[in-house]
Amino acid sequence: DSGVTQTPKHLITATGQRVTLRCSPRSGDLSVYWYQQSLDQGLQFLIHYYNGEERAKGNILERFSAQQFPDLHSELNLSSLELGDSALYFCASSVRAGGLYEQYFGPGTRLTVT
Amino acid sequence: GENVEQHPSTLSVQEGDSAVIKCTYSDSASNYFPWYKQELGKGPQLIIDIRSNVGEKKDQRIAVTLNKTAKHFSLHITETQPEDSAVYFCAATPNNAGNMLTFGGGTRLMVKP
């Protein structure tokens, strides 16, 4: 158990809908990273938050957004969902941003868009 | 940006044998190289990492080597056991990238009892 929690574990929704994925980092970690894992694209970085502020964006679609709250939990919002958005979504946390700190991953949310 | 390639994509070994997975990276500024193990239905689990000021690191049956000149790093698992069966991912990140990880494509390791 990494100490990172994600909810829900599974999510099934229809095209065009909007969903919110939630992540709670390990106690004491200030950084949250979101990654998408799909069969054709592998594990890809989406976005990074540090202590409530966005720090970096990767291959994140404009339909996707995220935020980190004062209690350090983070939410990833996916809207206007398409079939191709079906994937595993992981969050990871680390103590700080940069500085080569280890990232610990949560168990993921499996999103299925029908 | 960084690009990480990982080989082989699948690896089958007999229990007790060694397994080696290799990765190459493109960005010479990368200086942190973690390895993750992902079991079915679970998130990636950090198993070992290496920083660019070190050439080799070992933790029990697992070792990682880094060649910065050639821009490649490898994972070595000795005395493999059936519970080592999983998908392994290498990753790389430069310090100035805010620690975001670029992953290799993964290696499915199967250890036959």
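Above this note sits the structure.
Residues numbered from 1 in each chain as written. Chains lettered and ligands numbered in written order. Predicted model: local features only at pLDDT ≥ 70, side-chain atom pairs only at ≥ 80, totals over all residues. Heavy atoms only, no water.

### Section: the packing of aromatic side chains
One pass over the full model with this rule turns up 13 aromatic pairs over all chains. Taking 4.8 Å as the distance between ring centres and 50° as the angle between the ring planes, the aromatic pair formed by Phe33 of chain B and Phe73 of chain B counts as tilted. On the criterion of sequence distance, the pair formed by Phe33 of chain B in strand 4 (residues 30-38) and Phe73 of chain B in strand 8 (residues 72-77) is long-range, its members being 40 residues apart. Taken as a pair, Phe33 of chain B and Phe73 of chain B share a single burial class, namely buried. Among the aromatic residues, those joined into a cluster by ring pairs are Tyr35, Phe45, Phe90 and Phe105 of chain A together with Tyr36, Phe89 and Phe103 of chain B. (Phe/Tyr/Trp six-rings, centres within 6.5 Å; stacked < 30°, edge-to-face > 60°. Helix = DSSP H or I, 4+ residues; strand = E, 2+ residues; numbered from the N terminus. Buried < 20%, exposed > 50% of the residue type's maximum accessible area, 1.4 Å probe, protein only.)

### Structural notes on the pattern of salt bridges
Enumeration according to the criterion identifies 9 salt bridges over all chains in this entry. The partner of Asp29 of chain A in a salt bridge is Arg26 of chain A, and the shortest N-O contact between them spans 2.8 Å. Classification of Asp29 of chain A by relative accessible area gives buried; the value is 2%. Here Arg61 of chain B ties to Asp84 of chain B by a salt bridge, and the two come within 2.9 Å at their closest N and O atoms. Linking Arg61 of chain B in the loop between strand 6 (56-59) and strand 7 (62-67) with Asp84 of chain B in the loop between strand 8 and strand 9 (86-94), this pair joins segments that are 23 residues apart in sequence. Asp84 of chain B sits in the buried class, given a relative accessible area of 7%. In this structure, a network of salt bridges that share partners links the residues Glu102 of chain A together with Asp49, Arg51 and Lys57 of chain B. (Salt bridge = Lys/Arg side-chain N within 4 Å of Asp/Glu carboxyl O.)

### Describing the pairing of strand 6 of chain B
Taken residue by residue, a regular strand's side chains alternate between the two faces of the sheet. All names here are of chain B. Of the strand pairs in this sheet, strand 6 and strand 7 are connected by 4 bridges, and their pairing is antiparallel. Bridging from a neighbouring strand, Glu56 pairs with Thr65 of strand 7. Where strand 6 hands over to strand 7, the hairpin turn is made up of 2 residues, of which Gln60 adopts a positive phi near 60°. (Pairing = 2+ DSSP bridges.)

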